[in-house]
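Structure at a glance
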Amino acid sequence: SNQELAGLYQETIIDHYKRPRHKSKAGHCSFCQEGKNPLCGDSLIVYCELVEKQDQKVMKTFFEGSGCSISQASASIMCDLTQNTTIEEARKLIERAELTYTGRIQIDPDNMDSDLDALYGVSQFPVRIKCAALPWKTLEFLLSNHFDEQGNLRDKPCDKMQACSRQTKDPRKLKIVNTEESAEALREESPKSSAQNNPS
Ligand code: ZN
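First, a word on what this report is: a plain description of the structure on this page.

Criteria and cut-off values
- Residues numbered from 1 in each chain as written.
- Predicted model: local features only at pLDDT ≥ 70, side-chain atom pairs only at ≥ 80, totals over all residues.
- Heavy atoms only, no water.
- Donors = N, O, S within 2.8 Å, 3.2 Å for Na, K, Ca; no water.
- Helix = DSSP H or I, 4+ residues; strand = E, 2+ residues; numbered from the N terminus.
- Buried < 20%, exposed > 50% of the residue type's maximum accessible area, 1.4 Å probe, protein only.
- Pairing = 2+ DSSP bridges.
- Axes fitted to C-alpha atoms, helices over the stretch in contact; angles between N-to-C directions.
- Parallel < 35°, antiparallel > 145°, perpendicular 65-115°, else oblique.
- Left-handed = near helix turned anticlockwise from the far one by under 90°.
- Contact = heavy atoms within 4.5 Å.
- Salt bridge = Lys/Arg side-chain N within 4 Å of Asp/Glu carboxyl O.
- Core = buried A, V, L, I, M, F, W, Y, C linked by side-chain atoms within 4.5 Å.
- Nonpolar A, V, L, I, M, F, W, Y, C, P; charged D, E, K, R; others polar.

Here we come to the coordination of the zinc ion. Coordination of the zinc ion by the protein is provided by Cys40 (SG), Asp42 (OD), Cys68 (SG) and Cys131 (SG), with metal-donor distances spanning 2.1 to 2.3 Å. Mapping the donors of the zinc ion onto the primary sequence yields the spacing C-x1-D-x25-C-x62-C. You can see cysteine 40 sitting in the loop between strand S1 (31-37) and strand S2 (42-53) and its partner cysteine 68 sitting in the loop between strand S3 (56-66) and helix H2 (69-82), a full 28 residues away along the chain. According to the relative accessible area criterion, cysteine 68 is buried, its value standing at 14%.

The next subject is the pairing of S2. Inspection of the sheet shows S1 paired to S2 by seven bridges, in the antiparallel sense. By the bridge assignment, glycine 35 is partnered in S2 with leucine 44. Where S1 folds back on S2, the antiparallel hairpin that results is connected by four residues, among which glycine 41 adopts a positive phi of roughly 85°. Hairpin connection, S2 to S3: the antiparallel pair is bridged by two residues, and glutamine 54 has positive phi, about 45°.

Another point: the packing of helix H3 (residues 87-101) against helix H4 (residues 129-146). Two elements in contact, H3 and H4, have axes separated by 10 Å at closest approach and are oriented at 155°. Here H3 is positioned roughly antiparallel relative to H4, judged by the angle of their axes. Our pair here, H3 against H4, has a crossing hand that is left-handed. Each of Ile87, Ala90, Arg91, Leu93, Ile94, Ala97, Glu98 and Tyr101 in H3 lies in contact with H4, whose residues at this interface are Ile129, Ala132, Ala133, Trp136, Lys137, Leu139, Glu140, Leu143 and Ser144.

Let's shift gears to the pattern of salt bridges. In the structure shown here, the tally under the stated rule is nine salt bridges. Connected via shared salt-bridge partners are Asp15, Arg19, Arg21 and Asp80.

Sheet topology places S2 next to S3; 11 bridges connect them, and they run antiparallel. Its bridge partner being in S3, tyrosine 47 is matched across the sheet by phenylalanine 62.

Before going further, it helps to examine unusual backbone geometry. Even without being a glycine, glutamine 54 presents a positive backbone phi close to 45°. In this fold, glutamine 54 is placed in the loop between S2 and S3. Even without being a glycine, aspartate 55 presents a positive backbone phi close to 65°. Relative to the elements of secondary structure, aspartate 55 occurs in the loop between S2 and S3. Take aspartate 55: its relative accessible area is 80%, and that puts it in the exposed class.

Our focus in this paragraph is the environment of valine 51. Counting through the fold element by element, valine 51 comes out in strand S2. Sequence separation of valine 51 and asparagine 84 is 33 residues, and the distance between their C-alpha atoms is 8.3 Å. Setting aside anything within four residues of it in sequence, one finds valine 51 in contact with Gln56, Lys57, Val58 and Lys60.

It is worth spelling out the nonpolar core at this point. Ranked by size, the top nonpolar core spans 34 residues in total, and within it Met59, Tyr101, Leu116, Leu119, Trp136, Leu139 and Leu143 carry the most contacts. No other element matches the nine residues that H4 contributes to this core. With sequence-adjacent residues up to four places away left out, methionine 59 is seen in contact with Cys48, Glu49, Leu50, Thr82, Gln83, Asn84, Thr85, Ile87, Ala90, Leu139 and Leu143.

This part is about the packing of H2 against H4. At a minimum axis separation of 7 Å, H2 and H4 run at an interaxial angle of 40°. Regarding the angle of H2 to H4, the classification is oblique. Here the hand of the crossing between H2 and H4 comes out right-handed. Contacts from Ile70, Ser71, Ser74, Ala75, Ile77, Met78, Leu81 and Thr82 in H2 reach Cys131, Ala132, Pro135, Trp136 and Leu139 in H4. Across the contact of H2 with H4, the residue classes tally to 10 nonpolar, three polar and no charged.

None of this, on its own, says anything about what the molecule does.
Right, dumping it as structure tokens:
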């Protein structure tokens, strides 16, 4: 049944919620970004550090925060998957995640490739999509703020280049991601809703 299928996705979500991976301040935070979902009260900070690995710069990602089980599990899954990825790989994962939690690709619970696939379960509960989206949108925002299309560091001074995780959190340095933006985008793509928005 549908409920049994949802249960399979849920197992992974609960596991990540109860035992969050990479939930800590980065030892050497290079970048950080705060994201909030005011409707649900989800709030998190994504930290990112770049390390040299075989001629490539790869990411170490961490998060801190609190919120509902879906937002926390999604953050844990995200940090797990983006560990040791290049900026380009991380961006692909962000795209893949969005397709998954919005249900734009079908995921068979008996054939889950990775924990990311469990986020497909969220697509069946539209009000929770923002919760799953929050960490991914926050990381996306972080990356777009600091890296160009090619994944190169933008040539602009950045006050977050210091080890800000060791200092007292300064909220003035953090931008809040408006996750309404993703909700807007979703609405626009739904023919039903756009018909409602434009009565003719
Ligand atoms: Zn939430």
